[in-house]
Amino acid sequence: MKPEIALKEISWEKWLPFGVLMVLLYYSTYAWLISKDWSREDYSYGYLIPFVFTYLVWEKRKAFANVSASTTWLGLIPVLIGVCLYWVGELAGEIFSIYLSSWLIFSGVLLILFGWQKIKQIGFALSMLIFMFPLPHFVNNKVTFQLKLISSKLGVWMLQAYGISAYREGNVIDLGFTQLQVVDACSGLRYTLPLLIMGLLLTYLSKMQLWKKAVVVVSTVPFSVVVNGLRIASVGILYQYWGPTVAEGFFHDFSGWFIFMTSLIILLGEMAFLKRIGVSKARKIERITQNKKEKQNDTTHDQGYRESSITNSGSSIKHPAPNLSDQHAKGIATILKPPQFLSAMALLAITLVLTQGIEFREKVPIAKSLEEFPMSIGSWQGYPKKMEQKFIDELDLSDYLIADFNDTNGKQVNFYVAYYQSQRKGEAIHSPDTCLPGSGWTFSQSGKIDAPLRQGTAGTLPVRRALMQNGSVRQLAYFWFPMRGRTLTSAWEMKLYNFWDALTRQRTDGALVRLITPIYGGEAVETAEARLQAFMKDIVPVLDGFLPK
């Protein structure tokens with residue numbers, strides 16, 4: 001079958017209503033993806049993925065056309081999962097779920113219309129579309145943090161091997177004459193993911209054996225991490241000659257491109273080496289395969305010639321002129337078939353009507369502005385602080401309070417409250433699990449505890465506890481999420497109850513409360529903990545009057 005004939009057999013009328021529904025459902029999601037997520041340097045390659053997808057589909061157009069299409073009910077499975085993930089993302093404020101739902105629905109509809117055998121021809125292209133989306137927030141932060149630590153360790157080891165005295169605390173490298181901080185931008189994530197994509201593309205387009213392809217793809221991660229460690233070490237070496245200019249500006253950006261190109265060259269060298277392994281056996285198999293293909297082509301050519309002769313012999317037969325009304329009716333009927341496609345369209349239409357017709361998240365104003373929060377509570381005296389506007393914009397919060405409270409002995413507790421009227425996709429509470437200070441800080445003795453409250457109240461309050469240390473500096477932190485009459489301690493609980501309360505109460509408002517106290521020199525952890533809990537006993541009853549129930 002020729003590609004042109006196959007394309008004519010496709011009912012393009014189906015794609016117009018499907019495209020309209022997808023645009024209406026996902027317009028705001030993809031606007032966020034393009035304007036927010038793709039603008040982050042770690043995911044700036046996302047702009048290229050649709051072009052990669054288009055090329056891969058075009059490259060497979062003949063193989064795709066030569067496979068007969070068939071409808072299947074199996075395509076409704078990814079469509080149903082996609083619709084469920086859409087609702088989870090919309091109601092719980094988890095945008096990655098919505099990203100994934102759009103991909104599942106698109107893939108499911110293709111499977112319905114073309115069948116498994118046909119979709120297999122462009123399966124790799126479809127899987128590449130996943131790389132359009134950034135990692136979920138909590139995964140991104142954990143991966144970035146680990147990559148920073150690994151790159152810092154490698155950088156210190158290389159510096160010491162070069163003969164420079166270097167000492168590491170977390171992701172801060174002390175060289176004696178200066179300190180280098182391995183920030184998120186230097187984690188290597190922005191090179192690791194593009195190199196992984198390049199590894200997948202190169203192996204897909206090559207004719208290597210499967211195990212060789214797997215080796216190449218897996219090796220992309222250690223290659224980028226090791227070369228990133230070399231980049232960090234080079235900054236430390238050159239810093240003593242050229243100063244801070246090597247850690248910023250042009251040199252910093254240029255070294256980023258250098259690490260990627262170096263990793264790519266190493267990857268290509270690895271592929272060239274692996275291709276030489278077992279090359280004689282591979283050529284023999286290739287010759288046998290080629291001979292089989294040639295025999296099949298000859299048989300197909302003969303059949304095609306006979307079919308062409310039969311077709312030409314009957315070419316003198318005259319066909320009646322097409323009836324326009326019949327064509328119109330046939331076009332409408334085509335849109336309504338097959339029933340699997342109509343079922344998928346009905347699911348999307350119902351989802352659209354519900355999302356546009358029902359407001360699942362009302363904006364609940366705070367009971368009292370946090371600006372009115374008293375700065376004198378019991379024996380504690382507070383001193384309010386201001387957050388920079390760029391952080392307020394980034395956090396998308398509705399109201400907040402930051403203050404340092406001192407007791408009668410001058411010991412301090414930092415108090416932070418962030419309130420959200422409504423949590424939506426991309427605009428949800430950021431858990432301190434991922435945004436507590438990470439510059440050289442290590443975390444230990446973390447977990448959930450029940451902190452005691454003042455007598456006559458609920459008795460205890462569940463909180464997350466973390467002991468943080470950076471060299472000789474130690475801090476103790478508590479945090480929790482007051483959520484519509486509940487006290488939660490994990491982001492997963494928060495997402496679950498956001499989904500349920502949006503569905504049953506039309507509310508997703510909530511707050512984050514975080515307390516941090518230093519552990520002063522010679523002070524036991526138990527003493528700092530007693531101070532933190534004493535502050536909690538005084539502050540929680542007051543805070544309850546500010547947050548909606």
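Scroll up for the structure.
Residues numbered from 1 in each chain as written. Predicted model: local features only at pLDDT ≥ 70, side-chain atom pairs only at ≥ 80, totals over all residues. Heavy atoms only, no water.

(A) The arrangement of the pairing of strand β6 (residues 399-406) in detail. With respect to burial, β6 is a largely interior element, 8 of its 8 residues being buried. Residues Asp399, Leu401, Ala403 and Phe405 line one face of β6 and the alternating positions Tyr400, Ile402, Asp404 and Asn406 line the opposite face, and both faces are buried. Sheet topology places strand β5 (residues 380-385) next to β6; 5 bridges connect them, and they run antiparallel. In the sheet register, tyrosine 383 faces β6, and the bridge partner there is aspartate 404. In the sheet, β6 pairs with strand β7 (residues 412-420) via 8 bridges, with the strands oriented antiparallel. (Buried < 20%, exposed > 50% of the residue type's maximum accessible area, 1.4 Å probe, protein only. Helix = DSSP H or I, 4+ residues; strand = E, 2+ residues; numbered from the N terminus. Pairing = 2+ DSSP bridges.)

(B) Main features of helix α6 (residues 95-114). End to end, α6 covers 29 Å across 20 residues, agreeing with the expected 28 Å (1.5 Å per residue, within 8%). For α6, the N-terminal capping position is held by glutamate 94, with its side-chain oxygen 3.3 Å away from the main-chain nitrogen of phenylalanine 96. Positive phi appears at glycine 115, one or two residues downstream of α6, with a value of about 90°. (Expected span 1.5 Å × (residues − 1). Polar contact = N/O pair within 3.5 Å; in protein donor to acceptor, adjacent residues only side chain to side chain.)

(C) Examining helix α2 (residues 15-37) more closely. In this model α2 runs just 27 Å from its N-terminal to its C-terminal C-alpha over 23 residues, more than 12% under the 33 Å that 1.5 Å per residue would give. Bending of α2 peaks at approximately 60° at the position of tyrosine 26. When α2 is considered as a whole, its buried residues turn out to be Trp15, Phe18, Leu21, Met22, Leu25, Tyr26, Thr29, Trp32, Leu33 and Asp37. (Bend = angle between axes of the 7 residues up to and from the residue.)

(D) Local environment of the environment of leucine 91. On the secondary structure map, leucine 91 appears in helix α5 (residues 76-92). In this structure, the C-alpha to C-alpha distance between leucine 91 and phenylalanine 360, residues 269 residues apart in sequence, is 7.2 Å.

(E) Broad picture of the pairing of β7. β7 sits mainly inside the fold: 8 of its 9 residues count as buried. If you look at the hairpin formed by β6 and β7, you'll find 5 residues sitting between the two strands, and glycine 410 has a positive phi there, around 80°.

(F) Quick peek at the nonpolar core. Ranked by internal contacts, the top residues of the largest apolar core, which has 55 residues, are Phe18, Ile105, Val109 and Leu348. When contributions to this core are tallied by element, the ones reaching two or more residues are α2, α3 (49-59), α5, α6, α8 (123-128), α10 (189-205) and α15 (339-357). When residues of this core are assigned to their parent elements, the largest contribution, 10 residues, is made by α6. Contacts of leucine 348, omitting those with residues within four sequence positions, involve Phe18, Leu21, Met22, Leu25, Val83 and Ile105. With 36 residues, the next largest nonpolar core counts Leu401, Val413, Phe415 and Met536 among its residues. (Core = buried A, V, L, I, M, F, W, Y, C linked by side-chain atoms within 4.5 Å. Contact = heavy atoms within 4.5 Å.)

(G) Expanded view of the packing of aromatic side chains. All chains considered together, the criterion is met by 17 aromatic pairs. Centroid distance phenylalanine 373 to phenylalanine 415: 5.5 Å. Interplanar angle 45°. Geometry classified as tilted. Placement of phenylalanine 373 in the loop between α15 and β4 (376-377) and of phenylalanine 415 in strand β7 is noted, with a sequence separation of 42 residues between them. Judged by its relative accessible area of 0%, phenylalanine 415 falls in the buried class. Taken together, Phe373, Trp380, Phe405, Phe415, Phe535 and Phe546 form an aromatic cluster joined through their ring pairs. Its guanidinium or amino end placed over the ring of tryptophan 32, lysine 36 lies 5.5 Å from that ring's centre, counting from NZ or CZ. The lysine or arginine in question, arginine 61, covers the ring of tryptophan 58, its NZ or CZ lying 4.0 Å from the ring centre. (Phe/Tyr/Trp six-rings, centres within 6.5 Å; stacked < 30°, edge-to-face > 60°. Lys NZ or Arg CZ within 6 Å of the ring centre and 35° of its normal.)

(H) Quick look at the environment of alanine 491. Mapped onto the secondary structure, alanine 491 falls in helix α18 (residues 491-504). On the accessibility criterion, alanine 491 (28% relative accessible area) is partly exposed. Put simply, alanine 491 and phenylalanine 138 are 353 residues apart on the chain and 9.1 Å apart in space, counted from C-alpha to C-alpha. Those residues in contact with alanine 491, other than ones at most four positions away along the chain, are Ser431 and Phe481.

These figures come from the coordinates and say nothing about function on their own.
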